[in-house]
Amino acid sequence: SRGLMAGKRGLIMGIANNRSIAWGIAKACASEGASLALTYQGEALKKRVDPLSQELGATVVGHCDVTDEASLDAVFEECRKLWGGLDFLVHAIAFSDKEQLDGRYVDTTADNFNKTMFISCYSFTSIAQRAEKLMGDGGSMLTLTYYGAEKVMPHYNVMGVAKAALEASVRYLAVDLGARNIRVNALSAGPIKTLAASGIGDFRYILKWNEYNAPLKRTVTIDEVGQSALYLLSDMGRAVTGEVHHVDSGYHVVGMKSVDAPDI
Ligand code: NAD
């Protein structure tokens with residue numbers, strides 16, 4: 001360890017289990033000396049998050065469902081009591097009804113559109129409002145996005161629309177918070193088999209397609225996403241804000257299937 005995150009206090013939201021991208025980021029930050037606070041969504045996930053938290057010497061600051069403002073306020077109040085301030089924030093939260101992560105985007109219902117947008121996009125803004133108040137000496141905020149925001153990916157549907165809005169919100173937040181030396185960025189991760197991803201139709205096919213066609217000819221791991229997060233969360237990235245950085249084995253630069261890719 002180079003102690004890149006030594007002295008930094010970070011709130012990490014979105015760990016469901018040890019396959020979560022947020023867990024990869026938490027491990028990377030802890031290994032570089034960060035102090036961490038973690039949240040969980042509901043009692044069922046508390047059972048998973050508690051032991052993971054212990055592994056890193058992190059503090060569990062409580063239940064957080066982003067649709068419940070009181071739970072958000074309580075979590076930030078816990079952070080204030082714990083540290084009196086905050087240096088970084090990781091938002092790794094998204095949700096859409098599983099039935100609509102299959103089939104056609106055009107069939108999206110108003111109810112699921114609103115829910116997907118609120119949980120997967122607005123929650124980052126709502127969390128940023130609260131984090132700003134604790135980031136007296138500047139800070140770094142990071143969210144997670146996917147290439148389905150930029151190009152149509154099979155079955156990603158309304159989540160792609162929500163990620164496009166999330167990426168736009170990263171730019172607006174970067175401008176609003178820049179004067180306070182708070183940086184706001186996103187990592188666009190390649191596909192990884194997590195709980196959330198298991199809701200997406202034909203996900204195995206998408207993983208194989210990426211493996212065969214990405215420049216590095218492989219998919220990415222949560223630990224690799226975590227290592228990339230260190231650049232944006234630490235002072236190494238202190239001049240970087242409003243950025244959407246791809247951690248996808250280079251997949252986003254490719255315009256066509258590899259001529260030597262096997263059939264899937
Ligand atoms: P995950 O299932 O491990 O994590 C998703 C998290 O969102 C869970 O911890 C869940 O509790 C939380 N969440 C959902 N609704 C919530 C709510 N109402 N309130 C609070 N928390 C809520 O899956 P993951 O793949 O690690 O997802 C993390 C982020 O990474 C998401 O934004 C996802 O879209 C993004 N992402 C994932 C991939 C991938 O292929 N897995 C690729 C790019 C981006």
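Residues numbered from 1 in each chain as written. Predicted model: local features only at pLDDT ≥ 70, side-chain atom pairs only at ≥ 80, totals over all residues.

In the nomenclature of an unreviewed UniProt entry, the protein corresponds to Enoyl-[acyl-carrier-protein] reductase [NADH] from the organism Microbaculum marinisediminis. Checking UniProt for the protein, the heading Sequence similarities (unreviewed entry) contains the comment "Belongs to the short-chain dehydrogenases/reductases (SDR) family. FabI subfamily." (UniProt positions renumbered as here; feature names shortened; annotations may be inferred.)

On to the overall build of the protein, then. A count of helical and extended segments in the protein gives seven helices and seven strands. Taken from the N to the C terminus, the helices and strands of the protein come in the order β-α-β-α-β-α-β-α-β-α-β-α-α-β. Here the C-alpha radius of gyration of the protein, 18 Å, is about what a compact globule of 264 residues would show, namely 18 Å. For the protein, the spread of C-alpha atoms along the three principal axes comes to 55 × 45 × 40 Å. The proportion of buried residues among the 264 residues of the protein is 44%. Sequence-distant contacts in the protein: of pairs separated by 6 or more residues, those separated by 24 or more amount to 74%. (Helix = DSSP H or I, 4+ residues; strand = E, 2+ residues; numbered from the N terminus. Rg over C-alpha atoms; globule rule 2.2 N^0.38 Å. Buried ≥ 20, exposed ≤ 12 C-beta atoms within 10 Å, placed from the backbone. Contact = placed C-beta atoms within 7 Å.)

Turning next to the environment of Ile127. With respect to the helices and strands, the residue Ile127 is situated in helix 4 (residues 110-134). Here the alpha-carbon distance between Ile127 and Ser234, two residues 107 residues apart in the chain, equals 20 Å. Beyond its immediate chain neighbours, meaning those up to four positions away, Ile127 contacts Met13, Leu72, Leu89 and His91.

Right, let's talk about the UniProt feature "active site" (unreviewed entry) in the protein for a bit. Here the UniProt feature "active site" (unreviewed entry) sits at Tyr146 and Tyr156. Within the secondary structure, Tyr146 sits in the loop between strand 5 (139-145) and helix 5 (157-178). Looking at Tyr146, the number of C-beta atoms within 10 Å reads 24, which means it is buried. Setting aside chain neighbours within four positions, we find Tyr146 in contact with Lys163, Ser188 and Ala189.

The next subject is the sheet that holds strand 1 (residues 9-13). Overall, parallel pairing links the seven strands, which are arranged 3-2-1-4-5-6-7 in an open sheet. Of all the strands in the sheet, just strand 3 (59-63) and strand 7 (244-247) have a single pairing partner and so form its edges. Strand after strand, the sheet turns through a mean of 20° between neighbouring axes, direction not considered. Relative to strand 2 (residues 35-40), strand 1 runs parallel, the two being bridged by four bridges. What sits directly across from Ile12, in strand 2, is Leu38. (Pairing = 2+ DSSP bridges. Axes fitted to C-alpha atoms, helices over the stretch in contact; angles between N-to-C directions.)

Let us now look at the site of the ligand. Near the ligand, the surroundings consist of 27 residues, among which Ser20, Leu144, Thr194, Leu195 and Ala196 are the closest. Elements supplying a minimum of two residues to the shell around the ligand: helix 1 (21-31) and strand 5. When grouped by side-chain class, the residues that make up the shell around the ligand number 20 nonpolar, six polar and one charged. (Near = placed C-beta within 6 Å. Nonpolar A, V, L, I, M, F, W, Y, C, P; charged D, E, K, R; others polar.)

This part takes up the environment of Leu187. Considering the arrangement of structural elements, one finds Leu187 in strand 6 (residues 182-189). Among the residues examined, Leu187 registers 25 C-beta atoms within 10 Å and is labelled buried. For Leu187 and Ala28, which are 159 residues apart along the polypeptide, the C-alpha to C-alpha distance reads 15 Å. Aside from chain neighbours lying at most four places away, what touches Leu187 is Leu142, Leu144, Val225, Ser228, Ala229, His245 and Val247.

With that out of the way, let us pick up helix 2 (residues 43-56). In this model helix 2 runs 20 Å from its N-terminal to its C-terminal C-alpha over 14 residues, within 8% of the 20 Å that 1.5 Å per residue would give. Turning to helix 2, its buried residues number three or more, namely Val49, Leu52 and Ser53. Buried residues in helix 2 make contact with helix 1, strand 2 and strand 3. Gly57, located one to two residues past helix 2, shows a positive phi value of around 65°. (Expected span 1.5 Å × (residues − 1).)

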